[in-house]
Amino acid sequence: YKYPGLVKSVISFDIGSDPVDPLGSKKRATGDAMIPTLEDYQQNNIKAYRTNDASILSTVKTAMQFLIWNNHNPKFFGARTGWPYNCIVLNGTGEEMAERLAPNVPLSQWKFD
């Protein structure tokens, strides 16, 4: 909304996709009560982030090393990389991910393809 000449659209995978689940619903996050409804890996990322405990992500890290990182052990991967998953559930005033991304555009005016 700030730079329409530079940014035509934003693509997100599973991070912060609650406003489109179900597709087009444009609903707000419902806070920690929604954590049990998330995929296990999303729940684990939230727990790792909140407890600052990267060991919770060891299975994910092993899979990523094999499937994506070609057996590289990146230094950036840790508990703090779970912050986007934590943002999925934030629902306080000024905290909800969609509202923070474009605070001057009401969620009802967002367009989802």
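Residues numbered from 1 in each chain as written. Predicted model: local features only at pLDDT ≥ 70, side-chain atom pairs only at ≥ 80, totals over all residues. Heavy atoms only, no water.

1. Comments concerning the overall build of the chain
Quick note on the threshold: The helix count covers DSSP runs of H or I at least four residues long, the strand count covers runs of E at least two residues long, and both are numbered beginning at the N terminus. Burial classes: relative accessible area under 20% of the type maximum marks a residue as buried, over 50% as exposed, and values in between as partly exposed (1.4 Å probe, protein chains only). The contact definition used throughout considers only heavy atoms, calling two residues in contact when any of these lie within 4.5 Å.
Assigned secondary structure in the chain consists of four helices and zero strands. Relative to its 113 residues, the chain shows a buried fraction of 29%. Within the chain, counting contacts between residues at least 6 apart in sequence, those at least 24 apart form 60% of the total.

2. Comments concerning the environment of isoleucine 88
By the secondary structure assignment, isoleucine 88 is in helix H3 (residues 83-89). Spatially, the C-alpha atoms of isoleucine 88 and isoleucine 35 are 8.9 Å apart, while their sequence positions differ by 53 residues.

3. As for a nonpolar patch on the surface
What counts, and what does not: Residues enter a patch when their relative accessible area is above 30% and they make no salt bridge; the linking distance is 9 Å between like charges and 5 Å between nonpolar side chains (Val, Leu, Ile, Met, Phe, Trp, Tyr). Using the Shrake-Rupley algorithm and a 1.4 Å probe, accessible areas are obtained, with residue cover drawn only from the displayed protein chains. Salt bridge, as applied in this entry: a Lys or Arg side-chain nitrogen positioned within 4 Å of an Asp or Glu carboxyl oxygen.
A cluster of nonpolar side chains, contributed by Tyr3, Leu6 and Val7, occupies part of the molecular surface with about 370 Å² of accessible area. Within the fold, valine 7 resides in the segment before helix H1 (40-51). Its relative accessible area of 44% is what places valine 7 among the partly exposed residues.

4. Considering the packing of aromatic side chains
How two aromatic rings sit relative to each other is given by the distance of their centres and the angle of their planes. We apply this condition: For Phe, Tyr and Trp, rings pair up if their centres lie within 6.5 Å, where Trp contributes its six-membered ring, and each pair is then called stacked (planes under 30 degrees apart), edge-to-face (over 60) or tilted (otherwise).
All told, the structure shown has three aromatic pairs when counted by the stated rule. Seen in terms of ring centroids, tryptophan 69 and phenylalanine 76 are 5.6 Å apart; in terms of plane orientation they differ by 80°. Their pairing is edge-to-face. Of the residues examined, tryptophan 69 reaches a relative accessible area of 16% and is grouped as buried. Overall, phenylalanine 76 belongs to the exposed group, its relative accessible area being 54%. Seen from their ring centres, tryptophan 69 and phenylalanine 77 are 5.5 Å apart, and the 65° between their planes marks the pair as edge-to-face. Residues tryptophan 69 and phenylalanine 77 agree in their burial class; the two are buried. Three or more aromatic residues joined by ring pairs make a cluster, and in this case those are Trp69, Phe76 and Phe77.

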